[in-house]
Amino acid sequence: MSTQAAEGPLDTEARYWRDQWERAQEALEHERERYTQLEALLKENDERWPDLGIPRAQETLLRVLYRREVATKEMLYHALYSERPDSDLPEQKIIDVQICKLRQNLPDADIQTSWGRGYYLSPKGREWLKAKVEGAQ
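Residues numbered from 1 in each chain as written. Predicted model: local features only at pLDDT ≥ 70, side-chain atom pairs only at ≥ 80, totals over all residues. Heavy atoms only, no water.

Draft legend 1. Structural detail: the pattern of salt bridges. Per the counting criterion, the structure on display carries 4 salt bridges. K73 is the partner of D96 in a salt bridge, and the nearest nitrogen-oxygen pair spans 2.9 Å. Note that D96 is positioned in helix α4 (residues 94-105) and K73 in helix α3 (residues 73-81), a separation of 23 residues in sequence. As a salt-bridge pair, K93 and D96 come within 3.2 Å of each other at their nearest N and O atoms. On the basis of relative accessible area, K93 is assigned to the exposed category, the value being 56%. (Salt bridge = Lys/Arg side-chain N within 4 Å of Asp/Glu carboxyl O. Helix = DSSP H or I, 4+ residues; strand = E, 2+ residues; numbered from the N terminus. Buried < 20%, exposed > 50% of the residue type's maximum accessible area, 1.4 Å probe, protein only.)

Draft legend 2. Fine view of the nonpolar core. Of all hydrophobic cores here, the largest spans 22 residues; its most connected members are L62, L65, L76, I95, I99, L102 and I111. Elements with a contribution of two residues or more to this core: α2 (56-67), α3, α4, β2 (118-121) and α5 (123-136). Those residues in contact with L65, other than ones at most four positions away along the chain, are A71, I99, L102, I111, Y119, Y120, L121 and R126. (Core = buried A, V, L, I, M, F, W, Y, C linked by side-chain atoms within 4.5 Å. Contact = heavy atoms within 4.5 Å.)

Draft legend 3. Seen up close, the side chain of S122. Note that S122 resides in the loop between β2 and α5. Residues in contact with S122, not counting those within four places in the same chain, are A109, D110 and Q112.

As structure tokens, then:
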């Protein structure tokens, strides 16, 4: 007969939750490493981006427009608000408002509307912004 007592349901449940905790800690550490890497990439990109004297939200939209041929409203919305909790999200119409303000602040960017698709930088606006970005490097 074994001197070790049979494991009861509470011991089994405690082991299960301890294993779950350890897995969660490993996953959290992995995500922290990824976050640190992404922060470094963003900082590197920030150093190369010119200071255009516009609010951060408008700058974020402009960066997305610069990287895409056409940026959908959903894409722009996600770029601005992906980190907010669902209970704190503004209406999607805010993208139209931010684009309107961005057009007022940077008329040389020449942001155009592609009806039914989203927004884009005209060739003239893209060249203007490209010159600014390359000048900042």
